[in-house]
Amino acid sequence: MASINSNFLKLKAGYLFPEIARRVKAFSDANPDKAAKIIRCGIGDVTEPLPAAVRAAMHEAIDEMGVRETFKGYGPEQGYEFLRQAIVDNEFAGLGISADEVFISDGSKCDTGNILDIFGKGNVIAITDPVYPVYVDTNVMAGNTGDSDEKGAYGGLVYLPCTAENGFVADLPKERVDLVYLCFPNNPTGAVATRAQLEAWVKYAKENDTIIFFDAAYQAFVQDASIPKSIFEIEGAKDVAIEFRSFSKNGGFTGVRCAYIVIPKTVTGKDDQGNRVPLHQLWSRRHSTKFNGASYPVQKGAAAVFSEQGKAEVKALIEHYMGNAKLLVEAVKAVGLQVFGGVNAPYVWVSCPAGLGSWDMFDKMLGEAQVVITPGAGFGAAGEGWFRISAFNSRANVEEVCRRLTALLG
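The structure presented is a predicted model; accordingly, all values stated were derived computationally and were not measured. (Residues numbered from 1 in each chain as written. Predicted model: local features only at pLDDT ≥ 70, side-chain atom pairs only at ≥ 80, totals over all residues. Heavy atoms only, no water.)

K.L.:
Would you mind going over the overall build of the protein with me for this structure?
P.N.:
When helices and strands are counted, the protein shows 12 helices and 15 strands. Reported as C-alpha extents along the three principal axes, the dimensions of the protein are approximately 55 × 55 × 55 Å. Scored against the burial criterion, the 410 residues of the protein give a buried share of 54%. A sequence separation of at least 24 residues applies to 73% of the contacts in the protein between residues at least 6 apart. Approximately 17,600 Å² of the protein is accessible, and the part contributed by carbon and sulfur atoms is 52%. (Helix = DSSP H or I, 4+ residues; strand = E, 2+ residues; numbered from the N terminus. Buried < 20%, exposed > 50% of the residue type's maximum accessible area, 1.4 Å probe, protein only. Contact = heavy atoms within 4.5 Å. Areas by Shrake-Rupley, 256 points an atom, 1.4 Å probe, with all protein chains shown as cover.)

Shown next, in the form of structure tokens:
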């Protein structure tokens, strides 16, 4: 009989967002008269159409695929040069990143999980709490943890609490760790790290020979010019950090799929004999072996994000979603709840009313207001007592959510 990867059995019954979808479906089936009124502000999925510049580029690419002279077969697994160079020129200019240190993929969610392929067993791994669930679950799948306790925390991981007291930006670990996940702007809390805070993280990483996994999928939403958008803006980060980026939220690519990971050639790990090995060469080998590359039309569309028209259209999308976030923040404050995020990120992180747990709040919002939010407990033990509202929606829907929030909690 074939044996299985028993680490999967350590996972909770369902990934957070499918569990939310299951509960919403059950409510809809039981209350068909209310189903049409449901507004989804749970999963961070965009709602606005792809920018016109992106659509035009993808149409052009499809036309190219219909002519023998311009047809494209297998592309380079690492990504087409035109896109990799456009990323460097527009997102990392002056930071010393080269195009061959950029690897194109079909999603940063995939990359943050797949990166574990190039690391061995026995690493001490730190995550923030609350946290994007993929970081934890993929480590469980890889066998890097023990079992979970009654609060859902897994043995073998170092949890770094993020609370209202520290502004939901984790303090440095008191012990030495090998790998640490940082996400700024943060999903789910919407928190951002100052330059001084990121400098402290890079200093810690260099002193402790730690690798930082820096998830910057929401960097385009930063409104404060003093907040770094890339870890590589910090001196020394090229020796200790890997950065994950995505076109999903800024370019509306959630259904198109395109992202990238930046691995400087100067960041290294140790082999079994203690020799330093560049992680770049390991990821390049992994990427070439397990991935055939994002499609040519998608990469053409992604490159169009950096055209003058594309930049203007992306800017308008960001302004739309951040306008939604502002309305949500104002509505939550008006009903007397504590709120974080929504200023440099499209997520609004809200304290539950007294006496309600986060799943209780989920049920209350769904049952009484027909609004889907995300319970904080789904992001870790430290998320209990909080919930996340996504600003990814139409303006009309967000205005209606604000009215329902006020009627329910005001």
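So, next bit.
K.L.:
Looking at this structure, how should I read the packing of aromatic side chains?
P.N.:
Two aromatic rings, taken as a pair, are described by how far apart their centres are and by the angle between their planes. The tally for this structure, following the rule as stated, stands at 27 aromatic pairs. Ring geometry for tyrosine 80 against phenylalanine 82: centres 5.4 Å apart, planes inclined by 20°, an arrangement best described as stacked. The exposure class of tyrosine 80 is buried, given its relative accessible area of 12%. Residue classification places phenylalanine 82 among the partly exposed positions, given a relative accessible area of 33%. Ring plane angle 80° and centroid distance 5.8 Å describe the contact between phenylalanine 221 and phenylalanine 392, whose orientation is recorded as edge-to-face. Of this pair, phenylalanine 221 sits in the loop between β6 (211–215) and β7 (241–246) while phenylalanine 392 is found in the loop between β15 (386–390) and α12 (395–409), placing the two residues 171 residues apart along the sequence. Among the residues examined, phenylalanine 221 registers a relative accessible area of 0% and is labelled buried. Under the relative-accessibility criterion, phenylalanine 392 is labelled buried at 1%. Taken together through their ring pairs, the aromatic side chains of Phe17, Phe168, Phe340, Trp349, Phe379 and Trp386 make up a single cluster. Sitting over the ring of tyrosine 296, lysine 72 keeps its end group 4.7 Å from the ring centre. (Phe/Tyr/Trp six-rings, centres within 6.5 Å; stacked < 30°, edge-to-face > 60°. Lys NZ or Arg CZ within 6 Å of the ring centre and 35° of its normal.)

K.L.:
Please clarify how the sheet that holds strand β3 (residues 125–129) should be interpreted in this entry.
P.N.:
Strands pair in a sheet through their backbones, by hydrogen bonds, and they do so in one of two ways: parallel or antiparallel. Spatial ordering of the open sheet is given by β2-β8-β7-β6-β5-β3-β4, a layout of 7 strands whose pairing is mixed. The strands lining the two open edges of the sheet, one partner per strand, are β2 (102–105) and β4 (157–161). Between one strand axis and the next, the sheet turns through 20° on average, direction left out of account. Both β2 and strand β8 (residues 259–262) contribute to a ladder of 4 bridges, which runs antiparallel. (Pairing = 2+ DSSP bridges. Axes fitted to C-alpha atoms, helices over the stretch in contact; angles between N-to-C directions.)

K.L.:
Help me understand the layout of surface pockets in this model?
P.N.:
With a probe scaled to a water molecule rolled over the atoms, the places where space remains empty come into view. A volume near 460 Å³ is recorded for the second largest pocket. Together, 22 residues line the second largest pocket, and Gly44, Lys109, Tyr132, Tyr218 and Lys249 are the ones closest to its centre. Tallied by class, residues from the lining of the second largest pocket come to 9 nonpolar, 7 polar and 6 charged. (1 Å grid on protein atoms, 1.4 Å probe; cavity = no way out; pocket = protein on both sides within 12 Å on 5 of 7 lines; lining within 4 Å. Points joined across faces, edges and corners; volume = space filled by probe spheres on them. Nonpolar A, V, L, I, M, F, W, Y, C, P; charged D, E, K, R; others polar.)

K.L.:
Sorry if this is basic, but what is going on with helix α9 (residues 296–304) here?
P.N.:
Each α-helix winds once per 3.6 residues, and so residues spaced three or four apart point in a common direction. Among the 9 residues in α9, 9 count as buried, and that is most of the element. Buried within α9 we find Tyr296, Pro297, Val298, Gln299, Lys300, Gly301, Ala302, Ala303 and Ala304. Buried residues in α9 make contact with α3 (52–65), α4 (81–91), β2 and α10 (308–334).

K.L.:
Teacher, can you tell me more about the packing of α10 against α12 here?
P.N.:
When two helices pack together, their arrangement is given by the angle between the helix axes and the distance between those axes. Relative orientation of the contacting elements α10 and α12 amounts to 5°, with a least axis distance of 9 Å. Considered as vectors, α10 and α12 are oriented roughly parallel to each other. In this structure, α10 contributes Glu319, His320, Gly323, Asn324, Leu327, Leu328, Ala331 and Val332 to the contact, and α12 contributes Arg395, Val398, Glu399, Val401, Cys402 and Leu405. A per-class count over the contact of α10 with α12 returns 8 nonpolar, 3 polar and 3 charged. (Parallel < 35°, antiparallel > 145°, perpendicular 65-115°, else oblique.)

K.L.:
Please explain the nonpolar core as it appears in this structure.
P.N.:
Most often, soluble globular proteins keep nonpolar side chains buried together rather than apart. By size, the foremost hydrophobic cluster in this structure holds 99 residues, and its most contacted members are Leu83, Ile87, Ile212, Phe247, Phe253 and Ile389. Non-local contacts of isoleucine 212, meaning those with residues more than four positions away in its chain, are made with Val180, Leu182, Trp201, Val202, Ala205, Val240, Ala241 and Ile242. Core analysis: the next-biggest nonpolar cluster, separate from the first, contains 28 residues, Val134, Tyr135, Val140 and Phe213 among them. (Core = buried A, V, L, I, M, F, W, Y, C linked by side-chain atoms within 4.5 Å.)

K.L.:
Help me understand the environment of threonine 254, please; the structure alone is not making it clear to me.
P.N.:
Along the chain, the position of threonine 254 falls in the loop between β7 and β8. As a C-alpha pair, threonine 254 and aspartate 106 span 148 residues in sequence and 9.8 Å in three-dimensional space. With residues near it in sequence (within four places) discarded, threonine 254 still touches Asp45, Val46, Ser248 and Lys249.

K.L.:
In this structure, what is going on with the sheet that holds β15? I would like to understand it.
P.N.:
A sheet is described by the order of its strands in space; here 4 strands give the open sequence β11-β12-β15-β14, paired in antiparallel fashion. Since the sheet does not close on itself, it has two edges, and those belong to β11 (339–341) and β14 (374–375), each with one partner. Relative to β15, β14 is paired through 2 bridges, and the arrangement is antiparallel. The partner of threonine 374 across the bridge, within β15, is arginine 388.

K.L.:
Hey, could you run me through the environment of threonine 47 in this one?
P.N.:
With respect to the element layout, threonine 47 can be found in the loop between β1 (39–40) and α3. Sequence-wise, threonine 47 and phenylalanine 392 are 345 residues apart; in three dimensions their C-alpha atoms are separated by 6.2 Å. Only 2.7 Å separates the side chain of threonine 47 from the side chain of glutamate 48, close enough to count as a polar contact. (Polar contact = N/O pair within 3.5 Å; in protein donor to acceptor, adjacent residues only side chain to side chain.)

K.L.:
What should I look at first to understand the UniProt feature "domain: Aminotransferase class I/classII large" (unreviewed entry) in the protein in this one?
P.N.:
Mapped onto this structure's residue numbering, the UniProt feature "domain: Aminotransferase class I/classII large" (unreviewed entry) falls at residues 42–405. For residues 42–405, helix accounts for 35% and strand for 16%, while the C-alpha atoms at its two ends are 15 Å apart. (UniProt positions renumbered as here; feature names shortened; annotations may be inferred.)

K.L.:
Can you walk me through α4 in this structure?
P.N.:
The complete set of buried residues in α4 reads Leu83, Arg84, Ala86, Ile87 and Val88. Here the buried face of α4 lies against β2, β8 and α9.

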